[in-house]
Amino acid sequence: MSKPAIVVDNVGMKFNLSKEKVDSLKEYFLKMVKGEIQYNEFWALKNVTFQVEKGDRVGILGLNGAGKSTLLKVIAGVFKATEGTVTRNGKIVPLLELGAGFESQYTGSENIYLYGAMLGYSRKFIDQKYDEIVKFSELKDFIDVPLKNYSSGMKSRLGFSIATIVSPEILILDEVLSVGDARFRRKSEKKVMSMFDSGVTVLFVSHSLEQVERLCNKAMILEKGKLIAYGDIEEIAARYRTMTE
C-alpha cells in the first residue's frame, strides 16, 4: 500500500500578537530591551490531524480567520508548526501568494527567470518554457515593461503562468483561481484541472463552495483553527451550507 501524500499530525501554530501600539522600529527595540513589550498568544491552528491520500483533491472550507491559509503555509513549509508534524511524500508546488517574489523594477521577462529560480526551476528549463509562459499569461505586449507598471491582476496572471508550468505530485492552491478577469479565471481553472488528470494530489482553499464541489472529491471544515469535519465532498459541502446559511 502506498504512503499517504500528506500526513498532518496534531499540528498547532501559535502567533504572538503585541498588546500595544508601537510607532517606530526604534521604539519597539527600546521597549523590547526594557522588557516592556507584552504579547497575547493566538493559536491560528490547534490539534489539527488528518491525512491526504495520493490522488485526492481536498477542499479546505471555513469562514475568514478559520486558519485555512495558515494551514496551507504550514504544509508547504512556509511556516514551521509550533507543535506537531507534517510529513510530505512527493514534490510540492505551492500556489499561495502569486508573485510574492517579484521585483517591481525588473521587467516581466526578467521576473520570469527570477520567480522561476525561487520556485526551483533551472535557467535551462525556463528557457524551454519561456514562450509557453508568456503565451498563457497573455502579456506578450507588456513582457519587457517593468512590473511596477503592471496591475495586480497582470502580476497574478504572470505568477500563475510561471508556477503552473510544471506537473507536481502535490499541488497547493490558495485562492489563486480567482485572479484576473472571468475569462482568465476559467482558463486558469481549466489549466489546473488538466494537472489533476495526471493524478496530482491537491489541497485547495476557495471561498466558493461551488468551485470546491466542482474540483474536489473530499473536503474539510476549519473553525477557529480546529478541524471540525473531514470526508467526502457531498457530506462536507452539505454540512458547510448549513453553517453558512
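The model shown is predicted, which means the values in this text are computed figures rather than measured ones.

Scoring rules and cut-offs
Residues numbered from 1 in each chain as written. Predicted model: local features only at pLDDT ≥ 70, side-chain atom pairs only at ≥ 80, totals over all residues. Heavy atoms only, no water. Core = buried A, V, L, I, M, F, W, Y, C linked by side-chain atoms within 4.5 Å. Buried < 20%, exposed > 50% of the residue type's maximum accessible area, 1.4 Å probe, protein only. Contact = heavy atoms within 4.5 Å. Axes fitted to C-alpha atoms, helices over the stretch in contact; angles between N-to-C directions. Helix = DSSP H or I, 4+ residues; strand = E, 2+ residues; numbered from the N terminus. Parallel < 35°, antiparallel > 145°, perpendicular 65-115°, else oblique. Nonpolar A, V, L, I, M, F, W, Y, C, P; charged D, E, K, R; others polar. Salt bridge = Lys/Arg side-chain N within 4 Å of Asp/Glu carboxyl O. Phe/Tyr/Trp six-rings, centres within 6.5 Å; stacked < 30°, edge-to-face > 60°. Lys NZ or Arg CZ within 6 Å of the ring centre and 35° of its normal. Expected span 1.5 Å × (residues − 1). Pairing = 2+ DSSP bridges.

The next subject is the nonpolar core. Leu61, Ile112, Leu158, Ile162 and Leu171 are the most contacted members of the largest nonpolar core, which has 43 residues in total. If sequence neighbours within four positions are ignored, Ile162 has contacts with Phe102, Asn111, Ile112, Tyr115, Gly116, Leu119, Tyr121 and Ile133. With 26 residues, the next largest nonpolar core counts Val48, Phe50, Ile75 and Val86 among its residues.

Running from N to C, helix H4 (residues 123–137) and helix H6 (residues 182–196) point in directions that differ by 140°, and their axes come no closer than 11 Å. Taken together, the axes of H4 and H6 are oblique relative to one another. The residues of H6 that touch H4, namely those facing Lys135, Phe136 and Ser137, are Phe184, Lys187, Ser188 and Lys191. In terms of residue class, the contact of H4 with H6 is made up of 2 nonpolar, 2 polar and 3 charged.

Scanning all chains against the criterion turns up 7 salt bridges. Taking the shortest distance from any N to any O, the salt bridge between Glu138 and Arg183 comes out at 2.5 Å. Of this pair, Glu138 sits in the loop between H4 and helix H5 (152–163) while Arg183 sits in helix H6; the two residues are 45 residues apart in sequence, bridging distant segments of the chain. Taking relative accessible area as the criterion, Arg183 reaches 43% and is therefore assigned partly exposed.

Before going further, it helps to examine the packing of aromatic side chains. Under the counting rule described, the total for this entry stands at 8 aromatic pairs. An angle of 65° between the planes, with centres 5.7 Å apart, marks the rings of Phe50 and Tyr230 as edge-to-face. Of this pair, Phe50 sits in strand E2 (residues 39–52) while Tyr230 sits in strand E9 (residues 226–232), placing them 180 residues apart in sequence. Centre to centre, the rings of Phe160 and Phe184 are 6.4 Å apart; their planes meet at 75°, and the pair counts as edge-to-face. Of this pair, Phe160 sits in helix H5 while Phe184 sits in helix H6; the two residues are 24 residues apart in sequence, bridging distant segments of the chain. Here Phe160 falls in the buried class, since its relative accessible area comes to 0%. Using a relative accessible area of 1% as the deciding quantity, one classes Phe184 as buried. Joined through ring pairs, the aromatic side chains of Phe136, Phe160 and Phe184 make up one cluster. The cationic tip of Lys191 hangs over the ring face of Phe136; the distance from NZ or CZ to the ring centre is 4.5 Å.

Let us look at unusual backbone geometry. Phi is positive for Asn10, close to 55°, though the residue is something other than glycine. Its place among the elements puts Asn10 in strand E1 (residues 6–18). Unusually for a residue other than glycine, Asn47 sits at a positive phi of about 55°. Looking at where Asn47 falls in the secondary structure, it is placed in strand E2. By relative accessible area, Asn47 is classed as partly exposed at 43%.

For H5, with 12 residues, the first-to-last C-alpha span of 16 Å sits near the 16 Å given by 1.5 Å per residue. Within H5, 9 of the 12 residues are buried, which leaves it mostly tucked inside the rest of the structure. Among all positions of H5, only Met154, Ser156, Arg157, Leu158, Gly159, Phe160, Ser161, Ile162 and Ala163 are buried. Packing partners of the buried residues in H5 comprise strand E5 (92–95), helix H3 (108–118), H4 and H6.

A few words now on the sheet that holds strand E7 (residues 201–205). The 6 strands lie next to each other as E5-E6-E7-E3-E8-E9, forming an open sheet whose pairing is mixed. The sheet terminates laterally at E5 and E9, the two strands that pair on one side only. The sheet shows a mean angle of 15° between the axes of neighbouring strands, direction not considered. By the bridge criterion, 6 bridges tie strand E8 (residues 218–223) to E9 in an arrangement that is antiparallel. Each bridged residue has a counterpart across the sheet, and for Leu222 the counterpart in E9 is Leu227.

Let us now look at the pairing of strand E6 (residues 170–174). With 5 of its 5 residues buried, E6 lies for the most part within the structure. Neither face of E6 is exposed, since Ile170, Ile172 and Asp174 on one face and Leu171 and Leu173 on the opposite face are all buried. Direction of pairing for E5 relative to E6: parallel, over a ladder of 4 bridges. What sits directly across from Val93, in E6, is Leu171.

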